[in-house]
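# Residue-level structural notes
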Amino acid sequence: MKLKLFGKKDQDEAAVAAEADDGAAEVDLEEAPMDPEEGAVETKKRGAAPSVHYGDDGYEEAINLDGMENIDIEDTTWSEQWAGIGLHLVGVLFFLYWFIFSLELLGTGAKVLTGCAAAGLFGGNTNPVASLIVGMLVTVLLQSSSTTTSIIVSLVGAGSIAVEPAIFMVMGSNIGSSVTNTIVAMGQMGNGLELERAFAGATVHDMFNFLSVLILFPIECATQMFARMTQAMTVNYNPSEGGKKSKGIKTIISPILDKIIISNKKVIEEVANGKSCNEYYPTECNPSGTQTYQACVEDGRVGLITCSKEGYCPAFFEEGATQSSDTVSGAIALVLGIIFLVLCLMGLVTILKRMLLGASTRIIKKATAINGYISMLIGCAITIAVQSSSVTTSVLTPLVKVGVVTVDQMYPLTLGANIGTTITSMLAAVVADTAAVMQVALAHFFFNIFGIIIWYPVPRMRRVPIAMAKALGKATRWWRRFPFLYLAVVFFALPLILLGISSLFVGGETSLITLGSILVIAIAFMLAKFLWWWFKKDGAAKTQANFKRRQHKKNIQARLADEWDPLVSQVKALKEHVGLEDDEDTELNTEEPRNASVATEDEEIPAEGRQAE
């Protein structure tokens, strides 16, 4: 009779098995030499065949974050397997439609849930740092940079905020727009390699936005470059009224989505202009009991959930609703959107994997191997068509996850999406009656253009955001909960801290300014100390060891939980076989998992891991 015991040897085997379950072996990017001419990163092949297809031995090792350049693609014709690809494309389009629908449902629910709170952030923030953070936080809360920029330009048109703080808010909205596809990347937490690829593909958008703001924000603060340039361009601009904004992808999504919930962007804009959200509640329709657009919107009062101009009201609309009830409806829509998003993502990824069988791999590889500037134009065109950069990048993220599109190919597509999303603010500016609105829209456009000029044409500069994104992707292999930490710190904790500190300098009170100065000096000192520890005291290696230790412990505990019942049964059988008494079963059942866990922690943690802890 074979008896499984979790001694040190068994734990070693469990560690090997746990790491094997994560997918392919890691590729150390630091050991891979870079080609200074092309900026391509050469990777080590680990047993990959000369020609590798999905499902072949060595496929997972060959397709990694550094691209697919190390795979030799066999010659193929465009007629190969078109029937199978066509059937798979039908499935892709089906799940893609509901994937986009779930994104819109999630965004609409977020607008209803956080609309009043987000709009309140716009009031009285003229400090450049505060304006930047407000634009970022509002976009994160509303899950839509298009909505944020539309609100900003409407506030500028109404004279509520000046052009300069509006430009900083638009910069912040650029950063906040990347949170959606980062959330999408977290939909494959169970597969280490796919999570690594997807998270790297999603955060390459983040890295470009952060780096662009890091360079252009202080320049704008010091020189008002965008404000002066766009003012000169709009001197003779004559606003035209009566323009109509295209609905883009919502044309095919709205017939279903509007039956469920419709967010009232007008309320958000008016609250941002100084009104109270309480003025719109409770909702009422005249005559009472008639829920139509005319009765509720034109002759009555609606809140954050409104009715369709087609005449009907959505399912979540309720006459007599309070603000809290609308907030609950928004939360329900948000949760439903997340559930639909995960289900559609699973279906989409499954079909995409099937498309990667055999010759399909080679066809798709040839179709995606195009010049980066052409990819940029494609990303821009798609975003103009769907009127949402979040939709564009979120749809591309699953393609990176399954290896169809590499991180290097994802980068120019996201840059094109950044350009395409500026069309939203320009369309909003066209229907406004002031030149200042067009000035803000143009500033949004040129901010992205200048960012691309800095971070794309030169190979060395291009590698910076890509390498940063790949490093973040590798961190998910060390610790799979890292994406949650990243979202919490980057999109919430740090912005709120900066917003709080910057607000101390706005009032003009000497005591608050002194406190703010002390905090800035303290933060600068702590940042310098952290950088010194990170680069000079092996902080990076210690952090990596700590992440690996946490993930290893989690893997061991999961395996122990799965095998504990069979282990107890084997122990009982052994006792019966040798004739031992069974009076210690209770103690075994209650204390052994804890002891095994402690043994795992004490015996298996590497020296550097314990030191990091």
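This paragraph deals with the overall build of the protein. A count of helical and extended segments in the protein gives 24 helices and 0 strands. Considering the protein as a whole, with its 613 residues, one finds that 50% of them fall into the buried category. Put simply, 76% of the contacts in the protein that link residues at least 6 apart link residues at least 24 apart. On the protein, roughly 28,200 Å² of surface is accessible, and the fraction owed to carbon and sulfur atoms is 62%.

Let's shift gears to the pattern of salt bridges. Per the counting criterion, the structure on display carries 4 salt bridges. A salt bridge links Arg 477 to Glu 196; the nearest nitrogen and oxygen atoms lie 2.8 Å apart. Placement of the pair is Arg 477 in helix α19 (residues 459-478) and Glu 196 in helix α8 (residues 192-223), with a sequence separation of 281 residues. Of the two residues, Arg 477 and Glu 196, both sit in the buried class. Glu 270 is the partner of Lys 275 in a salt bridge, and the nearest nitrogen-oxygen pair spans 3.9 Å. The partly exposed category is assigned to Lys 275, whose relative accessible area is 41%.

Considering all chains together, one arrives at 21 aromatic pairs under this definition. Seen from their ring centres, Phe 199 and Phe 482 are 6.1 Å apart, and the 80 degrees between their planes marks the pair as edge-to-face. Separated by 283 residues along the polypeptide, Phe 199 in helix α8 and Phe 482 in helix α20 (residues 482-503) bring together distant segments of the chain. Taken as a pair, Phe 199 and Phe 482 share a single burial class, namely buried. An aromatic cluster is built from Phe 199, Phe 210, Trp 479, Phe 482, Tyr 486, Phe 491 and Phe 547, whose rings are joined through pairwise contacts.

Applying the stated criterion across every chain, the model contains 3 disulfides. Here Cys 307 engages in a disulfide with Cys 313; their sulfurs sit 2.0 Å apart. Disulfide Cys 307-Cys 313: the torsion about the S-S bond is 90 degrees, which places it as right-handed. Neither residue differs from the other here; Cys 307 and Cys 313 are each classed as buried.

In this model, the protein carries a mean pLDDT of 76, and residues with pLDDT of at least 70 account for 74%. Taken together, the stretch residues 65-78 has pLDDT below 50 and engages in 46 contacts with residues farther than four places along the chain or on a different chain. Segment residues 590-613: pLDDT under 50, and 33 contacts once partners within four positions in sequence are set aside and those in other chains are kept.

Calculation notes
- Residues numbered from 1 in each chain as written.
- Predicted model: local features only at pLDDT ≥ 70, side-chain atom pairs only at ≥ 80, totals over all residues.
- Heavy atoms only, no water.
- Helix = DSSP H or I, 4+ residues; strand = E, 2+ residues; numbered from the N terminus.
- Buried < 20%, exposed > 50% of the residue type's maximum accessible area, 1.4 Å probe, protein only.
- Contact = heavy atoms within 4.5 Å.
- Areas by Shrake-Rupley, 256 points an atom, 1.4 Å probe, with all protein chains shown as cover.
- Salt bridge = Lys/Arg side-chain N within 4 Å of Asp/Glu carboxyl O.
- Phe/Tyr/Trp six-rings, centres within 6.5 Å; stacked < 30°, edge-to-face > 60°.
- Disulfide = S-S within 2.5 Å.
- pLDDT = per-residue confidence, 0-100.

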